[in-house]
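# Summary of the model geometry
The chain contents come next:
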Amino acid sequence: MADFSEVYFRQKLDAAAHKVKQILDNTRNPVFASDVPHRYEDKFFLAEMVVKLGLASVVQTLGVLGLTEEQLKALVAWSQSRSVSLRLKAEEKCSFVKEVTRDVDSGSRVETKGGLGGLGVSLTTKVVTKITEYIWRFEGQYEIVAVRGVGSSAEDVQVIKSRKYAQELVSATKHNPRSESNVYPSSDVNITWLVRLLDAKHAVQFSIDREDSKCRTPRRNAQMDGVLEGVSMLISWCWSAEQFFTNSLFPVWRDHGLNVSDGMGSCGVFVPVLPLFDEGGGGERAIAGEGGGEGGDAMVIEGAGSVRLGASTVDALLSEQVRSLRERLAAVEGMFPRPEELKVISCAEGKILVCLRHVRDVCDQLQTCADYVEHMLRKQLVAAVGRELTAADFSAYARFHNRRLFRAEFGPRPFCYAVRRTAQHSPEGHISIEEGVGDGSMSEPIVTIASHAVPGAGAVPMRMEVNAATSVTFGGDRYLHAWLRHSFSGERGAEAFLGAQARQFSSFIMLVGTIKSATEFEAKYGVIVKDKDDFRIPLDVETIPTPKEFRDAIESLSPEQQNFARAFRGMQLASTLFAVLVVQIKPQLERLLRLPSESLTKEIRLTQDLTELFIKYQIPADLLTCGAIVGSGSEDGGARAGDDGRKLEEVKGHVRAMRELIAGSKEKELAEAKETAAHSVFGSVADRGMLPFPAAGGGGDPMFCFGSMPASSPYSELSLASCAAPMMAAPTMICCAPPLPPPAPIMAAARKMAAVPAQAQRRGPPPPPAPRPEWGGSSAQNSSAPSSSMDQHAGKASQLAGELSEEAASVDYTRLPAEMDRK
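With their axes 10 Å apart at the nearest point, helix H2 (residues 40-65) and helix H7 (residues 311-333) run at an angle of 35 degrees to one another. Between H2 and H7 the crossing geometry is right-handed. Across from Leu-53, Ala-56, Ser-57, Gln-60, Thr-61 and Val-64 in H2, the residues of H7 making contact are Val-314, Leu-318, Gln-321, Val-322, Leu-325, Arg-326 and Leu-329.

Shown next as structure tokens:
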């Protein structure tokens, strides 16, 4: 049905519709069923009519092929107690006859001219090839028969068509071109369903049981399903029989020169299976009559307002089908050899192929017409509604009618609940289960039938295990929801997801899991929703077998397998009770810290600090809980208010002290991390024979200098930390001297400095760097000082450049900054 195309269907049947107008008289006006107004009962008549036309055409084609009236009567009798099948069986053999040697003239000539004693002589020669050929005799036979049961005896077989053939084959080698003996597997198709629909006069009697509870439409019912299933098997059998002739038998005669593909086709044979109504109003309508025939048959009368085709019209269509088929078979007789010639390909095989292909055409058109009736019904419903409906549309339809069927307190409600302390408090957020819509519009909460239980009125406390050592008991309002989800067959339902949103400076805990028992909740996932968080968690909804499907499935299993299946289904059913638990954070914090109720409602900063201490730093609650207040049991309201304020201030003091402690710990850890990093960097540099010093002038990035340090340099007394700190602050190298090897004294001093313990390094702060000169002044002395200092270092670097050793020259110091950055 999903592959039906009305445009292709109409194009295919336009020629047949014009042919029908030629067949019928001018008082009839046959048109497609969708083009004429009709009633719903007429669609059932149309479906029954196309089945009758199709099956009657198949029976008539078998009659033209060779099935006689007596044989058909026997098949009808067989079908009352046994199955009836059509069978194609074939066998062949190929035997060696003789070996023949013959000369074959190549056709080429060679003429040689010469002279002898003044006389001219001409000599002509030719090339002759000797060929050895092997002659084989190929013979076989095939039969198309109707069998009762398995056809174990001759009385259970009715031969419809049979033929023997023999042909001489020639091969170039003494190798059998076919099998020496071969019996093809029988190809069967059950036609019991077809024969049982024939009455005593061999007319097709088919009707749809409209009172059956499983009858949905003229196409979707048990009777049509049975016919279409049998038609599908008949199509497959016809195709299998065609393959035997075209692919197995005909290739034996290779140089036949016959037009097998077109000459044995069913083109031109009229197919009477058409979904037509008579727009002229001269048809007939079936009405229930009193004293009808056997089985309550309806009485058929002529009516001026009917659109159904009359019996005379149906007979005319079937007569034209037989006439055109016989005309096509007569044309085949003149195109192929006579059967008496015993050739592999003859007009007998041509007739069989024409009939088989025509049966395929009839059955294929019967399936298409049945789908056309369903398509027409669907198209008219879409036109009445205005558009093609989806599962979301049907859900909206159900919600609309539920509002009219249920009272307000019992009607389904959207699954969307505000998270709030009481009805007088502002919501902290809300949770919902929503379902997406396939058309791209906004998702909407699902609609459920809910039962509400409040604490003390049937809602007993429940238990939840946080881990192996901790369990929590909780109460509160409890809702039990039932969700009826709509979906169409063959389609996946819309995606459902659990949504949770929190407002700014608000928070709550959402736990998702299943109900293990009446008093136990099994949490699988949890999340803290806070500060405008918006979660959308997809819900993977799966369908398990219904109770009836489950019982039918385990009926033939062993007792052990049945017990296992029941236990596994019990686990599946337990997981179907999906549960969402919402825990508000502020009320629980107040109880945990022994604070008065609603004391944290406006303490936003305190609530955030408490949440951070508990979650991020895992601080025990005893370190933040307020102590007992002496005289807290006084009846004076002012005293109680003062006690509440003191409790809150005490908790704030605990939080403040804890944050100061954490801040001090952070500073200590940061200082230790910096010192460790400085040691690591300096040790790596010292091992490579390089010391970092601040740039000239006491500011900017460091420069890497090599060689001995002058005693008068302001950096000669710098400690390890003061040398490494500029390196950590700015690892970029501004200027670098040529890759000179450091003298031995410098290397020894560097290693010695790297080995100084951390305690020695922390004896005192490093000396401050030398004051940076003012480069922007107008004094000539200040402006020339940097130049002289840089010239002095450059001169020493040039002096040491000549002392490069072969070992030091192989060190690539340009990679040191990248190496330090990596570490």
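What follows is about helix H12 (residues 585-592). Of all the residues in H12, the buried ones are Ile-585, Lys-586, Pro-587, Leu-589 and Glu-590. Close packing links the buried residues of H12 with strand S19 (507-517), strand S20 (520-530), strand S22 (578-584) and helix H13 (604-615). Arg-594 occupies a position one or two residues after H12 and carries a positive phi of about 60 degrees.

Turning next to the packing of aromatic side chains. Counting across every chain of the model gives 17 aromatic pairs. Taking the centre distance of 5.5 Å and the plane angle of 45 degrees together, the rings of Phe-394 and Tyr-397 count as tilted. Remark: Tyr-397 and Phe-394 occur in helix H9 (residues 391-405); sequence separation between them is three residues, near one turn of the helix. By relative accessible area, which is 46% here, Tyr-397 ends up partly exposed.

Turning next to the sheet that holds S22. Strands sit in the order S16-S15-S20-S19-S22 across an open sheet of five strands; the sheet is mixed. For this open sheet the edge positions go to strand S16 (470-474) and S22, each flanked by a neighbour on one side alone. Averaged over all pairs of adjacent strands, the angle between their axes in this sheet comes to 35 degrees, without regard to strand direction. Pairing of S19 with S20, which is carried by ten bridges, proceeds in the antiparallel orientation. Following the sheet pairing, Gly-513 is matched in S20 by Ala-523.

Reading guide: rules and limits
Residues numbered from 1 in each chain as written. Predicted model: local features only at pLDDT ≥ 70, side-chain atom pairs only at ≥ 80, totals over all residues. Heavy atoms only, no water. Axes fitted to C-alpha atoms, helices over the stretch in contact; angles between N-to-C directions. Helix = DSSP H or I, 4+ residues; strand = E, 2+ residues; numbered from the N terminus. Left-handed = near helix turned anticlockwise from the far one by under 90°. Contact = heavy atoms within 4.5 Å. Buried < 20%, exposed > 50% of the residue type's maximum accessible area, 1.4 Å probe, protein only. Phe/Tyr/Trp six-rings, centres within 6.5 Å; stacked < 30°, edge-to-face > 60°. Pairing = 2+ DSSP bridges.

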